[in-house]
Amino acid sequence: MHKNFKGIEKTVFGHGSFNQLDEILAERRGDNAKFMLFVVDQYFKDKPLAKRIPAKPEDSVVFVDVDVHEPTTEQIDNLRDSILKTKGLPAGVVGIGGGSVMDIAKAVSLMFTNEGSSTLYQGLNLIKKPGIYHCGVPTISGTGAEVSMTAVLTGPVKKLGLKCEWTVFNQVVLDPELIATVPRNWWFYTGMDTYIHCVESENGQYNNAYSHAYAEQAMKLCRDIYLGEQSGQNAENDEKLMVASLMGGLSLTYSEVGVCHALSYGLSKILGTRHCYANCLAFNHLGDFYPEGVAEFKEMIRKHKIDLPQGLAKEWTDEQITAMATVSYNLPHMWNHAIGSDWKDKITVKSIEELFRRL
Ligand code: NAD
Ligand code: ZN
């Protein structure tokens, strides 16, 4: 069986496209209780962008601090309950921010129409009804959250996405001007998420002409952005990074991620390390799995003088390392893709522990 995926319904791309948001939302404003819910990264609270949000007096604008923790099921349930109780069902949700805010917007749009706690729906195709209209406006690029069919949530038991066709945004607004203020380290770590998506998507049994075409182009863009003559944060590269993020996300959607993401999930689950940073920590030591990708990654690290600590594993207990390796081992689709269908003959919890000890 071949994968059959739903894409974003509408995409607008280009400098200043954020100014079109008002017009885009206008045609949806008559739905449900006739107000929009804007979920916005708190970083923008006192920045000029906050004044440009096309909110009407009846709308709700909620600022969220994404630095305290990654999106949680409790946070989504509380946001949904408080909005329903005070104002009713919104016409739509607009997420303005990075992967964290986009996941909150996707998740809450689903939870407005699906009863009970979001913990009930963590997994594939558990959501029962389509959510309300939702629009994503990325302000940092790399995770591919703008295009993916999952909204990653940390719950009391698991860190797992609400994953189904209805999770995909109805509308995405890609305005490269919005990512200009991203701090250099985040620009690097989050951008590398897309680079790693491409390396992993390409190196495994699910790679195909479709995922390859996206990965090849996204990697070319990443090389321009991080290694080219005009490398670094500038207007042209911001355009390229927004497109690379989208294409890297599409590449992995039609293929699969691999060893680095399997390790990264272990790190995030046990130590709370953030996704893109965790990827960089792990990828740095995976030269035997991805020799060319890791060599190029190290060149990018050197070029941009990025701080990536080593020797972290010395601080971890054996129990923590076993716990991380167990989380990683329990992602069979990633190992199956990266190593092959006989992966269990080659990869064990013990051998994954050794990979963690390299960090
Ligand atoms: P983020 O949303 O966590 O933000 C990272 C930091 O950058 C924050 O401090 C934020 O305030 C800041 N920031 C964002 N935009 C800015 C701007 N324009 N200027 C200055 N600062 C800005 O970043 P992320 O790396 O995009 O997202 C990580 C999250 O995405 C994790 O929660 C992860 O689980 C999730 N994720 C989701 C998917 C998916 O497919 N749904 C894929 C990968 C990761
Ligand atoms: Zn990723």
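Values in this document were obtained by computation on a predicted structure and should not be read as measured data. (Residues numbered from 1 in each chain as written. Chains lettered and ligands numbered in written order. Predicted model: local features only at pLDDT ≥ 70, side-chain atom pairs only at ≥ 80, totals over all residues. Heavy atoms only, no water.)

## Looking at the coordination of the zinc ion (ligand 2)
Here comes step 1: For the zinc ion (ligand 2), the protein coordination sphere consists of D193 (OD), H197 (NE2), H261 (NE2) and H275 (NE2), at 2.1 to 2.2 Å.
Here comes step 2: What the 4 donor atoms of the zinc ion (ligand 2) show is an angle range of 84 to 167° at the metal, which sorts the shape as irregular.
Here comes step 3: All donors of the zinc ion (ligand 2) come from a single chain, and their spacing in sequence reads D-x3-H-x63-H-x13-H. Placement of D193 in helix 5 (residues 184-202) and of H261 in helix 8 (residues 259-271) is noted, with a sequence separation of 68 residues between them. Just as D193 is buried, H261 falls in that class too. (Donors = N, O, S within 2.8 Å, 3.2 Å for Na, K, Ca; no water. Tetrahedral: all angles 85-135°; square planar, octahedral: opposite > 155°, others 65-115°. Helix = DSSP H or I, 4+ residues; strand = E, 2+ residues; numbered from the N terminus. Buried < 20%, exposed > 50% of the residue type's maximum accessible area, 1.4 Å probe, protein only.)

## Considering the domain arrangement of the protein
Here comes step 1: Domain annotation of the protein identifies domain 1 (10-179) and domain 2 (184-357).
Here comes step 2: The centre of domain 1, based on its C-alpha atoms, is set 26 Å off from the matching centre of domain 2.
Here comes step 3: In this complex, domain 1 contributes 21 residues to the contact, which on the side of domain 2 involves 21 residues.
Here comes step 4: Carbon and sulfur atoms supply 64% of the area that domain 1 and domain 2 bury against each other, a total of about 1,900 Å² over both sides.
Here comes step 5: Inspection of the domain 1/domain 2 interface yields 1 salt bridge.
Here comes step 6: Our count for the domain 1 to domain 2 interface comes out at 8 residue pairs in polar contact (both at pLDDT 80 or more).
Here comes step 7: Within the side of domain 1 that touches domain 2, the residues separate by chemical class into 9 nonpolar, 6 polar and 6 charged. (Domains from an automatic or database assignment. Contact = heavy atoms within 4.5 Å. Buried area = accessible area lost by both parts, 1.4 Å probe. Salt bridge = Lys/Arg side-chain N within 4 Å of Asp/Glu carboxyl O. Polar contact = N/O pair within 3.5 Å; in protein donor to acceptor, adjacent residues only side chain to side chain. Nonpolar A, V, L, I, M, F, W, Y, C, P; charged D, E, K, R; others polar.)

## Considerations on the sheet that holds strand 3 (residues 60-64)
Here comes step 1: Read across the open sheet, the 6 strands follow the order 1-9-6-4-2-3; overall the sheet is parallel. Edge positions in the sheet fall to strand 1 (10-13) and strand 3, since each has one partner strand and no second. Shown here is a sheet whose adjacent strand axes are inclined to one another by a mean of 15°, direction ignored.
Here comes step 2: Inspection of the sheet shows strand 2 (residues 36-41) paired to strand 4 (residues 92-97) by 5 bridges, in the parallel sense. Its bridge partner lying in strand 4, M36 is registered against G92.
Here comes step 3: Running over the sheet, helix 7 (residues 235-254) touches strand 1, strand 6 (133-138) and strand 9 (171-174) and is turned about 160° from strand 1. (Pairing = 2+ DSSP bridges. Axes fitted to C-alpha atoms, helices over the stretch in contact; angles between N-to-C directions.)

## Here's the deal with helix 3 (residues 73-86)
Here comes step 1: In this model helix 3 runs 20 Å from its N-terminal to its C-terminal C-alpha over 14 residues, within 8% of the 20 Å that 1.5 Å per residue would give.
Here comes step 2: Listing the buried residues of helix 3 in full gives T73, I76, D77, L79, R80 and I83. One side of helix 3 holds all its buried residues, which, seen down the axis, span an arc of 165°. Exposed side of helix 3, more than 90 degrees from the buried face: E74, K85 and T86 are the residues found there.
Here comes step 3: In this structure, the buried residues of helix 3 make contact with strand 2, strand 3, helix 4 (99-111) and strand 7 (150-154). (Expected span 1.5 Å × (residues − 1). Arc of directions from axis to C-beta.)

## Notes on the environment of T86
Here comes step 1: You can see T86 is positioned in helix 3.
Here comes step 2: A polar side-chain atom of T86 sits 2.7 Å from the main-chain carbonyl oxygen of S82.

## Here we look at the environment of G7
Here comes step 1: Examined against the element boundaries, G7 turns out to sit in the segment before strand 1.
Here comes step 2: When the C-alpha atoms of G7 and T317 are compared, they prove to be 43 Å apart, with 310 residues separating the residues in sequence.

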